[in-house]
Amino acid sequence: MSATNSPRSLHDLPFPALEEALTRADVRPIHTRALWRALHREAALDLQTRADFLPPLRRWVEAHTAPGGPFFLDTPQAVADLRSTDGHTRKFLLRLRDGQTVETVLMAYPGRSTACVSTQAGCAMGCTFCATGKAGFTRHLRPGEIVAQVLHCQRILRDEGKPGLRNLVLMGMGEPLHNYDAVMTALEILTDRRGTNIGPAHVTLSTVGVIPGILRLARENSPYALALSLHAATDAERRVLIPASRRWPLADLLGACRTYCHATGRRIFIEWTLIAGVNDTPSHARQLAAALEGIAAHVNLIPLNPTAAYAGAPTASAPAQAFKGILQAAGFPSTLRQRRGIDIAAGCGQLRGALQE
Ligand code: SAH
Ligand code: SF4
């Protein structure tokens, strides 16, 4: 690599690219596994001092990851670390190299921990009820910045003596399908069996409905679970909650979902944030059921997590149950759940917003 290239993160590189970087420097490919294990299985940060690396790898690491070298490691700093009162959820605000901050949530239950990571600093979609949407878009995250959030969680779990992550959800800040390539590279790295090894079926990508991205997932027969944040079943109502949805009419969006289900043989999770009086009446439930006709859908109903910049209130328990009942009767399984860690502002973008106020 020439000195004029800006340094790259080792966490940006999938296994074959890491192997290529070593081979380019005349280090034999057999050394890739040790480096990969250290980076992604052990979530190590101390590459310069590892006694288990053989001399050629040790020399490469010393020469290439020293300050001013062609590679660096993504080691975001936790500038906030909040624990929910139920003791299961921790939310981190991680500061990236350029000072941008992103939110990462770790939900740790015995044997089935889940990380919720961000894919962008901010978000361009502008959803009115979402703290991230209100704050606007700053930039895409690189693959390594997505990977590093997961590795941060792995280190926390290890320090607490718990097994590693089982599930990964892309439901933090940002719209994953607006940063498609970086997200897919990050997931390739995170599902690699030689490293972090999260099962592809245990990864859920959540989208606000970026049609070209959904069709690309279908074409590529994506192995990950897909969640669609629908929130409204008419174009007019959807536009109010999700300004970006103007670009993607509902009929086309639902068509893309059908294509996805057909191509992948997988169902789709529909996310519906229940907002009192806005999208939670029995007629909304019937509209939703009608819209989902022909789509293998499981609906996740999540009462709104109130945020400072949005006046809406969460749906109360009785109307939420009634909504669920209508979906059930129409043949759509659904789950009614709380956003976890509500007491630590685990709603998307809320922690960063709170710390900036
Ligand atoms: N941009 C993607 C993924 C990140 S948002 C998407 O929108 O799907 C993840 C989920 O959090 C989405 O379903 C979104 O609608 C939901 N969400 C955002 N703000 C919320 C709030 N205040 N209360 C409840 N859910 C919220
Ligand atoms: Fe972006 Fe998702 Fe928030 Fe909408 S809900 S602004 S798409 S992060």
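Residues numbered from 1 in each chain as written. Chains lettered and ligands numbered in written order. Predicted model: local features only at pLDDT ≥ 70, side-chain atom pairs only at ≥ 80, totals over all residues. Heavy atoms only, no water.

**Points about the site of ligand 1**
- In the vicinity of ligand 1 lie 21 residues, with Gly174, Ser206, Ser229, His231 and Asn305 positioned nearest.
- A distance of 2.9 Å separates a nitrogen atom of ligand 1 from a polar backbone atom of Gly174.
- Thr273 has a polar side-chain atom sitting 3.5 Å from a nitrogen atom of ligand 1.
- Summarising the interface, the protein chains cover 97% of the accessible area of ligand 1, which totals 530 Å² for the free molecule. (Near = heavy atom within 4 Å. Polar contact = N/O pair within 3.5 Å; in protein donor to acceptor, adjacent residues only side chain to side chain. Areas by Shrake-Rupley, 256 points an atom, 1.4 Å probe, with all protein chains shown as cover.)

**Side note on the domain arrangement of the chain**
- You can read the domains of the chain as domain 1 (3-72) and domain 2 (77-344).
- If you average the C-alpha positions of domain 1 and of domain 2, the two centres end up 33 Å apart.
- Taken together, the 17 residues of domain 1 in the interface contact 17 residues of domain 2.
- The salt bridge partner of Asp12 is Arg142, with a shortest N-O separation of 3.1 Å.
- Along the contact surface separating domain 1 from domain 2 lie 7 residue pairs in polar contact (both at pLDDT 80 or more).
- Taken together, the residues of the side of domain 1 that touches domain 2 sort by class into 9 nonpolar, 3 polar and 5 charged. (Domains from an automatic or database assignment. Contact = heavy atoms within 4.5 Å. Salt bridge = Lys/Arg side-chain N within 4 Å of Asp/Glu carboxyl O. Nonpolar A, V, L, I, M, F, W, Y, C, P; charged D, E, K, R; others polar.)

**Some thoughts on the side chain of Thr315**
- Considering the arrangement of structural elements, one finds Thr315 in the loop between β13 (297-303) and α11 (317-329).
- The class of Thr315 is buried, set by a relative accessible area of 7%.
- At 2.8 Å, the side chain of Thr315 forms a polar contact with the side chain of Asp280.
- Apart from the residues lying within four places of it in its own chain, the contact partners of Thr315 are Leu274, Ile275, Ala276, Asp280, Pro303 and Ala320. (Helix = DSSP H or I, 4+ residues; strand = E, 2+ residues; numbered from the N terminus. Buried < 20%, exposed > 50% of the residue type's maximum accessible area, 1.4 Å probe, protein only.)

**Some points on the site of ligand 2**
- Among the 9 residues in the neighbourhood of ligand 2, the closest are listed as Cys123, Met125, Cys127, Cys130 and Gly133.
- For the shell around ligand 2, the residue count by class is 6 nonpolar, 3 polar and no charged.

**Quick look at the pattern of salt bridges**
- Using the criterion set out here, one finds 17 salt bridges in the structure.
- Residue Arg216 pairs with Glu220 through a salt bridge whose shortest N-O separation is 3.0 Å.
- Residue classification places Arg216 among the partly exposed residues on the basis of a relative accessible area of 26%.
- For Glu220, a relative accessible area of 44% corresponds to the partly exposed category.
- The network of salt bridges with common partners includes Asp12, Asp74, Asp98, Arg139, Arg142 and Glu145.

**Remarks on helix α9 (residues 250-264)**
- For α9, built from 15 residues, the straight-helix expectation of 21 Å at 1.5 Å per residue is met to within 8% by its first-to-last C-alpha distance of 21 Å.
- Against the buried residues of α9 lie α7 (211-219), β11 (225-229), α8 (235-241), β12 (268-274) and α10 (282-291).
- At the C-terminal side of α9, Gly265 shows a positive phi close to 70 degrees. (Expected span 1.5 Å × (residues − 1).)

**Examining the sheet that holds strand β3 (residues 77-83)**
- Here 10 strands make up an open sheet; going across it, the order is β3-β4-β5-β6-β9-β10-β11-β12-β13-β14 and the pairing mixed. Edge positions in the sheet fall to β3 and β14 (334-336), since each of these pairs with one other strand and no more. Recorded for the sheet is a direction-independent mean angle of 20 degrees between the axes of neighbouring strands.
- Where strand β4 (residues 89-95) and strand β5 (residues 101-107) come together, 7 bridges link them in antiparallel fashion. Considered in β5, the bridge of Leu94 is made with Val102.
- Set on the sheet, α9 makes contact with β11 and β12; between it and β11 the angle comes to about 170 degrees. (Pairing = 2+ DSSP bridges. Axes fitted to C-alpha atoms, helices over the stretch in contact; angles between N-to-C directions.)

**Topic: unusual backbone geometry**
- A positive phi is found at Asp26, a non-glycine position, where the angle reads about 60 degrees.
- Topologically, Asp26 is positioned in the loop between α1 (15-24) and α2 (32-41).
- When its relative accessible area of 73% is taken as the criterion, Asp26 is described as exposed.
- Of note, the phi angle at Asn221 is positive, near 45 degrees, even though the residue is not glycine.

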